[in-house]
Amino acid sequence: MADNVKTVAVKGWAWDIATDIYFPPGFDESKTYPTIISAHPTGSCKAQTSGNIYGTALAEAGFVVAAFDASFQGDSGGDPRAVEDPGFRTSDFSFVIDYLVTLPFVDADNIGVLAICGGAGYAVAATKIDRRIKALGTVVGSNVGRLMREGFSEYNPMGMLEAIAAQRTAEARGQAQVINDLLPPSVEVAKQAGVADIDVLEATDYYKTDRGQAPGGKTSFNFGRQAALADWDAYDRVEVFLTQPLCVVIGDKPGAFASQRLSMELYGRAASKDKQLVVVEGASHYDLYDQPGPTGEALASLVPFFGKHLS
């Protein structure tokens, strides 16, 4: 790990939330810094795009950055593993803020959030209710609850809930948990199976190769614990509660994970008086995870956005 990054254990519900703190060049502990929480995508971890790409770049731009692993995932605690629960995922942000405001070098009045893909939906939910978050930036933001009712359940959420209920009963009677990998094992296998969607293919390339693969980024769901997502919507009442400044970044290549459609919906519905939509031309969902050109364009908007609103 780089010299400007420190891993800390943030107290969550009954377990620790593993968090990497990125420090800006020339960091001086006697000063205070605007601080950004960087949240990883669904099934990802802090070692991937939220930390190594956006966390590093935002720290270089002068911010303290906290990239954390969601509860039940990565290096964070919580059991059973691979749980994707919107209540816990939303609460994680507030626990990280609870920790940050105890640090003398964190400007507690200037804390923002940057979140990628599914993490952006949880960030929206957190920003609506935690007024300590002063500005929100999303990159290819998605709404996992909506996707669960749509493609993730094959547009049959009630059938999915029936299957989850049966799985919970089986587990209570001693059977093993079911951990579903969200992606094919390789791009080649995906293509052989007839998969042609750009998001699925590029996600597989990112998560299943050295490009983005990390031990904590399992791209898995604990099937018996995903029922809460079916009844959850990150954008519930954003017209009322999401009043903080908002910067929404998307690519112009649509795919199955619907970040273009869902991010534009968020931009249109949010109550924020100061909001901007940034469309990176020629970029796909996963280009905005780690490709220098697209991520550079995203940061060219995000850095001044946070600089304006966290000062």
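Structure: above.
Quantities reported herein were computed from a predicted structural model and do not represent experimental measurements. (Residues numbered from 1 in each chain as written. Predicted model: local features only at pLDDT ≥ 70, side-chain atom pairs only at ≥ 80, totals over all residues. Heavy atoms only, no water.)

Asks: Got a sec to walk through the nonpolar core? Specific residues and values, please.
Replies: Generally speaking, a soluble globular protein has its nonpolar side chains buried in company with each other. Ranked by internal contacts, the top residues of the largest apolar core, which has 51 residues, are Ile37, Phe93, Leu100, Val113, Leu242 and Leu266. Per element, the largest residue contribution to this core is 6 residues, and it comes from helix α3 (residues 118-129). With residues near it in sequence (within four places) discarded, isoleucine 37 still touches Ala66, Phe68, Phe93, Val96, Ile97, Leu100, Ile111, Gly112, Val113 and Leu114. Formed by 35 residues, the second largest nonpolar core is a distinct cluster that contains Tyr54, Ala135, Cys247 and Val280. (Core = buried A, V, L, I, M, F, W, Y, C linked by side-chain atoms within 4.5 Å. Buried < 20%, exposed > 50% of the residue type's maximum accessible area, 1.4 Å probe, protein only. Helix = DSSP H or I, 4+ residues; strand = E, 2+ residues; numbered from the N terminus. Contact = heavy atoms within 4.5 Å.)

Asks: So what about the side chain of histidine 309? Which residues, and what values?
Replies: Position of histidine 309 among the secondary structure elements: in helix α12 (residues 292-309). Using a relative accessible area of 17% as the deciding quantity, one classes histidine 309 as buried. Within the structure, the side chain of histidine 309 is placed 3.2 Å from the side chain of aspartate 274, a separation counted as a polar contact. Setting aside residues no more than four positions away along its own chain, histidine 309 makes contact with Asn110, Lys134, Ala135, Pro245 and Asp274. (Polar contact = N/O pair within 3.5 Å; in protein donor to acceptor, adjacent residues only side chain to side chain.)

Asks: Describe the packing of helix α2 (residues 86-100) against α3, listing the residues and the values that go with them.
Replies: Direction vectors running N to C along α2 and α3 enclose 65°, while the axes themselves pass 8 Å from each other. Pair α2 / α3 crosses with right-handed handedness. Listed contacts from α3 to Pro86, Arg89, Thr90 and Phe93 of α2 are Gly119, Tyr122, Ala123, Ala125, Ala126 and Ile129. Of the residues in the contact of α2 with α3, the class split is 7 nonpolar, 2 polar and 1 charged. (Axes fitted to C-alpha atoms, helices over the stretch in contact; angles between N-to-C directions. Left-handed = near helix turned anticlockwise from the far one by under 90°. Nonpolar A, V, L, I, M, F, W, Y, C, P; charged D, E, K, R; others polar.)

Asks: Any details on the sheet that holds strand β9 (residues 246-251)? Residues and values, ideally.
Replies: The strand order across the open sheet formed by 8 strands is β1-β2-β4-β3-β5-β6-β9-β10, and the pairing between neighbours is mixed. Here the strands that pair on one side only, and so sit at the sheet edges, are β1 (5-11) and β10 (275-280). Across the sheet, the axes of successive neighbouring strands diverge by a mean angle of 20°, strand direction being ignored. Inspection of the sheet shows strand β3 (residues 33-39) paired to strand β4 (residues 64-68) by 5 bridges, in the parallel sense. Looking at β4, one finds that isoleucine 36 is bridged to valine 65. Relative to β3, α2 is tilted by about 155°, and along the sheet it contacts β1, β2 (16-22), β3, β4, β5 (106-116) and β6 (133-139). (Pairing = 2+ DSSP bridges.)

Asks: Which residues make up the packing of aromatic side chains, and what values do they have?
Replies: Tallied over the entire structure, the rule returns 21 aromatic pairs. Both rings, one in phenylalanine 27 and one in phenylalanine 105, keep their centres 5.0 Å apart while their planes meet at 90°; by these two values the pair is edge-to-face. Placement of phenylalanine 27 in the loop between β2 and β3 and of phenylalanine 105 in the loop between α2 and β5 is noted, with a sequence separation of 78 residues between them. Using a relative accessible area of 26% as the deciding quantity, one classes phenylalanine 27 as partly exposed. Residue classification places phenylalanine 105 among the buried residues on the basis of a relative accessible area of 7%. (Phe/Tyr/Trp six-rings, centres within 6.5 Å; stacked < 30°, edge-to-face > 60°.)

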